[in-house]
Amino acid sequence: MSLYDDAVLVLKSYEDQTDLRQTYLDHLAAHPDGMWKSCHAGHVTASALVIDPEHGRVLLTLHKKLRMWLQMGGHCEPEDTSLETAALREATEESGITGLNLLPGGPVRLDRHPIPPPCHCHYDVQYAVLAPPGAVQEISDESLDLRWFPYAEVPSVADESVLRLLEATRARL
């Protein structure tokens, strides 16, 4: 199964955010290349919130280009076999943590947001991953900083999309 086919199946089975989900499906139907960065009309991305529920905290990255505290994530790559593997790959690469486990149940949220040209939009499919006990992060070249934040601190450092992702993740836990 192609990554495109996986994305369509994942989105069709996602039961929340029905209007936004349909917007994603419509975009993919209109753009067979909509999984890739080269699609300037916008493209699907995969991200994951790294969470440590035992200590009530999340790991956020200070994005190098955007200079914002965000969850781990990014563009799909040709070797990705599914949106889940793309999200897990991104979380592992950007956090430096091995042994991350996807929170069961598929995507936690969808978040469509504008990005600078030449592309116009990211259709982000957001997952959550559980950090293993004793996880130690290692900053990647894509980040200015990488830091654990207690749940209560996240509103003071992150934007609404991260807050909604954290709330949805905690509700699923």
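Our subject is the structure listed above.
About the thresholds
Counting restarts for each chain, with residues numbered from 1 along the sequence as it is written. Selection of residues for local features in this predicted model requires a pLDDT of at least 70, selection of side-chain atom pairs for listing and counting requires 80 or more, and totals for whole chains, interfaces and linings are taken over all residues. To get the side-chain values, take all heavy atoms of the structure and skip hydrogens and water. Nine residue types can take part in a nonpolar core, namely buried Ala, Val, Leu, Ile, Met, Phe, Trp, Tyr and Cys, and a core is a set of them joined through side-chain atoms within 4.5 Å. Throughout, exposure labels follow a simple rule: accessible area from a 1.4 Å probe, protein chains only, divided by the maximum for the residue type, with under 20% read as buried, over 50% as exposed, and the rest as partly exposed. A run of DSSP states H or I qualifies as a helix once it reaches four residues; a run of E qualifies as a strand once it reaches two. Both are numbered from the N-terminal end. In this analysis, two residues are considered to be in contact whenever any of their non-hydrogen atoms come within 4.5 Å of each other. Cavity: a set of points on a 1 Å grid over the protein atoms alone where a 1.4 Å probe fits but cannot get out. Pocket: an open set with protein on both sides within 12 Å along at least five of seven lines, its lining residues, like those of a cavity, having an atom within 4 Å of a point. Grid points are joined across faces, edges and corners, and a volume is the space filled by probe spheres set on the points. Classes in brief: Ala, Val, Leu, Ile, Met, Phe, Trp, Tyr, Cys and Pro nonpolar; Asp, Glu, Lys and Arg charged; the others, Gly included, polar. By convention, a stacked pair of Phe, Tyr or Trp rings (six-membered ring in the case of Trp) has centres within 6.5 Å and planes under 30 degrees apart, an edge-to-face pair has planes over 60 apart, and any other such pair is tilted. When the NZ atom of lysine or the CZ atom of arginine is within 6 Å of a ring's centre and also within 35 degrees of its normal, the charge is said to sit over that ring.

Trainee: Tell me about the nonpolar core, residues and numbers included.
Mentor: Counting 33 residues, the largest nonpolar core has M35, V50, L83 and V125 as the members making the most contacts within it. Residue assignment for this core shows that the elements contributing at least two residues are α1 (3–13), α2 (18–30), β1 (43–52), α3 (83–95), β7 (121–130) and β8 (143–150). What V50 contacts, discounting residues up to four positions off in sequence, is R57, V58, L59, M72, A91, I97, L100, V129, A131 and W148. Of all hydrophobic cores here, the second largest spans 18 residues; its members include I51, L62, L70 and A128.

Trainee: I'd like to hear about the layout of surface pockets, residue by residue, with values.
Mentor: The calculated volume of the largest pocket comes to roughly 920 Å³. Around the largest pocket, the lining is made up of 32 residues, and of these H63, L66, H75, I115 and H122 lie nearest the centre. Mapped onto the lining of the largest pocket, the elements with two or more residues apiece are β1, β2 (57–63), β4 (72–75), α3, β6 (109–114) and β7. Among the elements that make up the lining of the largest pocket, the one with the highest residue count is β4 (4 residues). For the lining of the largest pocket, a count of residues per class yields 8 nonpolar, 13 polar and 11 charged.

Trainee: So what about the packing of aromatic side chains? Which residues, and what values?
Mentor: Per the counting criterion, the structure on display carries 2 aromatic pairs. Centre to centre, the rings of W69 and F149 are 4.9 Å apart; their planes meet at 75°, and the pair counts as edge-to-face. One end of the pair, W69, is in strand β3 (residues 69–70); the other, F149, is in strand β8, with 80 residues separating them in the sequence. Just above the ring of W148 sits the side chain of R57; from NZ or CZ to the centre is 4.0 Å.

Trainee: Explain the side chain of T45 residue by residue, including any values.
Mentor: Within the secondary structure layout, T45 lies in strand β1. The class of T45 is buried, set by a relative accessible area of 3%. Excluding residues that lie within four positions of it along the chain, T45 makes contacts with G74, H75, H122, Y123, D124 and V125.

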